[in-house]
Amino acid sequence: MMQLKCPWCGVRDEPEFVCGGTTQIARPDVACSDQEWGEYLFFRENPKGVHRERWRHAYGCGQWFNIVRSTLTHEIIAVYGMQERPP
Amino acid sequence: MRDTKQKYSVWTLLQGAASRHRQWTPAWRDAQPKPAYDVIIVGGGGHGLATAYYLAKNHGLTNVAVLERGWIGGGNTGRNTTIVRSNYLYPESARLYDFSLKLYENLSQALNFNIMLSQRGLIVLAHSRHDLESMSRWANAMRMNGVDADLLTREQVRHLAPALDMSSNARYPILGGLTQARAGTARHDAVAWGYARGASALGVDIVQNCEVRGFIEEAGAIVGVDTSLGRVRAGKVGIAAAGHSSVLAKLAGFKLPVTSYALQAMVSEPVKPMLNAVVLSAAIGSYISQSDKGEMVIGGGLDLFPSYAQRGSFSVMQDTLAGTLALFPSFSRLPLLRQWAGIVDVVRDSSPIIGRTPLKNLYINCGWGTGGFKAIPVGGWTFAHLLATGKDHELAEPFQLDRFNTGRLIDEAAGAGIAH
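This structure is a prediction, so every number in the text was calculated from the model and none was measured.

Colleague: Any chance you could explain the overall build of chain B here in plain terms?
Modeller: When you go through chain B residue by residue, the secondary structure sums to 11 helices and 18 strands. Computed over C-alpha atoms, the radius of gyration of chain B comes to 22 Å, within 12% of the 22 Å expected from 2.2 N^0.38 for 420 residues, which places it in the range of a compact globule. Dimensions of chain B along its principal axes, counting C-alpha atoms only, are 65 × 65 × 40 Å. Looking at the 420 residues of chain B, the share that counts as buried comes to 60%.

Written as structure tokens, this is what we have:
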């Protein structure tokens, strides 16, 4: 089981959190093509290794935050805020 | 080379008894890659091996190789809960999965290999009036699609699975259920080996410990693969790599609407027969059956974060087991023997992708998510049709990659019967 470090509550166990998937995906303009809109909604890198993703401390403060995590080892490499650039 | 085309029968078994079983030869031929093939299948799981078998059997294409990074059937084919069923909601899915179940029903004979299909029936439990209502809709949809389905009363559920907690103060009260009597289990390793043996006997090369590390592209078309055993050229390349589909797609230079998650399962120590059905509860997110060896096989929900780690979180295991014990209190003394996870390729509408990729001569069969095992025969059948003829099989037509751009999704997220 992973332990995540919520920027507001500190280190907590994985079941307190909900993963929101790949983070900081830029939404295209509404006038974009079906191709671009489909890409935005569904198509993901899904990397084996380092992944930037968003989590919510659902059973805690309820806040969203970003992490950099390895999908292969589950190691959490960095935690950063929703508005921040990845380290 | 020793003959690997031995036919299995009662007669050969008796011959074996007379010869102290010295006559048996390997079931299939472990090959090294040749410089070129007509078709290369990347991934030696159930879907890849079935594709190779049907390429040879249905289309006469035998200059085919299956390249497997590890050993055949060592990925999700060896990690699932062996359940086969076709209780889907939409006509497109019902056609697809019921065709698969029908192939399973004759697979032991077709492959001359006992896949130990046991159509013991699947029971989906209803824990509320709302469950009962959605189940009647589900059963009606299945019947309209020509798939067998029956609603069960509480008493019928009790009769079919007496170990369930049917008491009035049960944590998850059981009001009834939905059953598909033709559903059941099949021996997963036998399915992989049966297809491998069938394909190998028809001339297909099965290459293990051969990792695909890149695709060779010439003039905008894929003409082969770079592997850990060198370059292999091919007329067409088909990817059947489940949870690792995105990794291969990235090597080829395109993206998929797939996220890889760990899906875990576990077995208890073996006990005497006590559960003669597959029991599934969407509320709990677990499904339970008893293997032929006597182990209770328990499947859980997804670990809901992207993972390639092939191991599940303890918290998900705990939830799964807590729910299972609430359904079957008598299991509380059973020690667990093993727990594991497979990496499944989940797409947003929980329906597969069997079709072309943005690259010429490169095809993909993926997106089966948490339910790939039941679909092995039809996945192989339709993918082989596409690779051999260049045209979509009519069953696979709705399941194309472009549906994520056109919006023509086939949303089986609820129809799959479990809240993945």
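Colleague: Please explain the nonpolar core as it appears in this structure.
Modeller: Note on soluble globular proteins: their nonpolar side chains tend to be buried together. In terms of nonpolar packing, the biggest core is built from 50 residues, with B:Tyr104 and B:Tyr195 touching the most fellow members. Elements supplying a minimum of two residues to this core: strand S1 (36-42), helix H2 (46-59), strand S2 (64-67), helix H3 (91-105), helix H4 (107-111), helix H7 (188-201) and helix H10 (376-389) of chain B. Tallying contributions element by element places H2(B) first for this core, with seven residues. Residue contacts for B:Tyr195: discarding those within four places in its chain leaves B:Leu49, B:Ala50, B:Tyr53, B:Tyr54, B:Leu107, B:Leu111, B:Ile376 and B:Pro377. Among the nonpolar cores identified, the runner-up in size contains 33 residues, and A:Phe43, B:Ile40, B:Leu248 and B:Leu256 belong to it.

Colleague: What exactly am I supposed to notice about the sheet that holds strand S4 (residues 50-56) of chain A here?
Modeller: Strand pairing in a sheet takes place through backbone hydrogen bonds and is either antiparallel or parallel in direction. Residues and elements named next belong to chain A. Taken in spatial order, the four strands of this open sheet run S3-S4-S5-S6, and their pairing is antiparallel. Since the sheet does not close on itself, it has two edges, and those belong to strand S3 (18-22) and strand S6 (76-80), each with one partner. Averaged over all adjacent pairs, the angle separating strand axes in this sheet is 30°, with direction ignored. Pairing of S4 with strand S5 (residues 64-70), which is carried by seven bridges, proceeds in the antiparallel orientation. Looking across to S5, one finds that Trp55 is bridged to Phe65.

Colleague: Sorry, what's going on with the interface of chain A and chain B here?
Modeller: Many analyses report the size of an interface as the accessible area lost when the parts associate. The interface of chain A with chain B comprises 24 residues on the first partner and 26 residues on the second. The junction of chain A with chain B conceals about 2200 Å² of combined surface from both sides, 55% of it contributed by carbon and sulfur atoms. When the buried surface of chain A facing chain B is broken down by residue, A:Phe42, A:Phe43 and A:Asn46 rank first, second and third, together holding 33% of it. Within the residue set of the side of chain A that touches chain B, elements represented by two or more residues are helix H1 (34-42) and S4 of chain A. When residues of the side of chain A that touches chain B are assigned to their parent elements, the largest contribution, five residues, is made by H1(A). Here the residues of the side of chain A that touches chain B sort into nine nonpolar, seven polar and eight charged.

Colleague: Can you walk me through H3(B) in this structure?
Modeller: Residues that lie three or four places apart on an α-helix share one face, since the helix turns once every 3.6 residues. Helix length check: H3(B) (15 residues) gives 21 Å between terminal C-alpha atoms against 21 Å at 1.5 Å per residue, within 8%. If you check which residues of H3(B) are buried, you get B:Glu92, B:Ser93, B:Ala94, B:Leu96, B:Tyr97, B:Asp98, B:Ser100, B:Leu101, B:Leu103 and B:Tyr104.

Colleague: I would appreciate a short explanation of unusual backbone geometry in the present structure.
Modeller: The phi torsion of most residues other than glycine is negative, and most of the peptide bonds are trans. Phi at B:Asn112 is positive, roughly 55°, even though this residue is not glycine. Relative to the assigned elements, B:Asn112 resides in the loop between H4 and strand S4 (122-126).

Colleague: What is the right way to read the pattern of salt bridges from this model?
Modeller: Between side chains of opposite charge, a pair can form as their charged atoms come close. Evaluated as defined, the whole model comprises 19 salt bridges over all chains. For A:Glu16, the salt bridge is made with A:Arg12, and the minimal N-O distance between the two is 3.2 Å. Taking relative accessible area as the criterion, A:Glu16 reaches 21% and is therefore assigned partly exposed. Here B:Glu211 and B:Arg213 are joined by a salt bridge, their closest N and O atoms 3.9 Å apart. By relative accessible area, which is 30% here, B:Glu211 ends up partly exposed.

Colleague: How should the environment of B:Ser134 be read in this particular structure?
Modeller: Here B:Ser134 is to be found in helix H5 (residues 129-144). Residues B:Ser134 and B:Gly390, 256 residues apart in the sequence, show an inter-C-alpha distance of 40 Å.

Colleague: Mind showing me how you'd approach the side chain of B:Gln400 here?
Modeller: Residues and elements named next belong to chain B. In this fold, Gln400 is placed in the loop between H10 and helix H11 (403-406). Within polar-contact distance, the side chain of Gln400 engages the backbone oxygen of Ile354 at 2.9 Å. Residues within four places of Gln400 in sequence aside, it is in contact with Ile353, Ile354, Gly355, Arg356 and Asp392.

Colleague: Got a minute to help me understand the sheet that holds strand S16 (residues 336-346) of chain B in this structure?
Modeller: Residue and element names in this part refer to chain B. Spatial strand order, S5-S6-S4-S13-S14-S15-S12-S16: eight strands in an open sheet with mixed pairing. Each edge of the open sheet carries a strand with a single partner, namely strand S5 (150-153) and S16. Going across the sheet, the axis of each strand differs from the next one's by a mean of 25°, ignoring polarity. Sheet analysis places S4 next to strand S13 (residues 278-281), joined by three bridges and oriented parallel. Directly across from Ile123, in S13, lies its bridge partner Val279.

Analysis parameters
- Residues numbered from 1 in each chain as written.
- Chains lettered and ligands numbered in written order.
- Predicted model: local features only at pLDDT ≥ 70, side-chain atom pairs only at ≥ 80, totals over all residues.
- Heavy atoms only, no water.
- Helix = DSSP H or I, 4+ residues; strand = E, 2+ residues; numbered from the N terminus.
- Rg over C-alpha atoms; globule rule 2.2 N^0.38 Å.
- Buried < 20%, exposed > 50% of the residue type's maximum accessible area, 1.4 Å probe, protein only.
- Core = buried A, V, L, I, M, F, W, Y, C linked by side-chain atoms within 4.5 Å.
- Contact = heavy atoms within 4.5 Å.
- Pairing = 2+ DSSP bridges.
- Axes fitted to C-alpha atoms, helices over the stretch in contact; angles between N-to-C directions.
- Buried area = accessible area lost by both parts, 1.4 Å probe.
- Nonpolar A, V, L, I, M, F, W, Y, C, P; charged D, E, K, R; others polar.
- Expected span 1.5 Å × (residues − 1).
- Salt bridge = Lys/Arg side-chain N within 4 Å of Asp/Glu carboxyl O.
- Polar contact = N/O pair within 3.5 Å; in protein donor to acceptor, adjacent residues only side chain to side chain.

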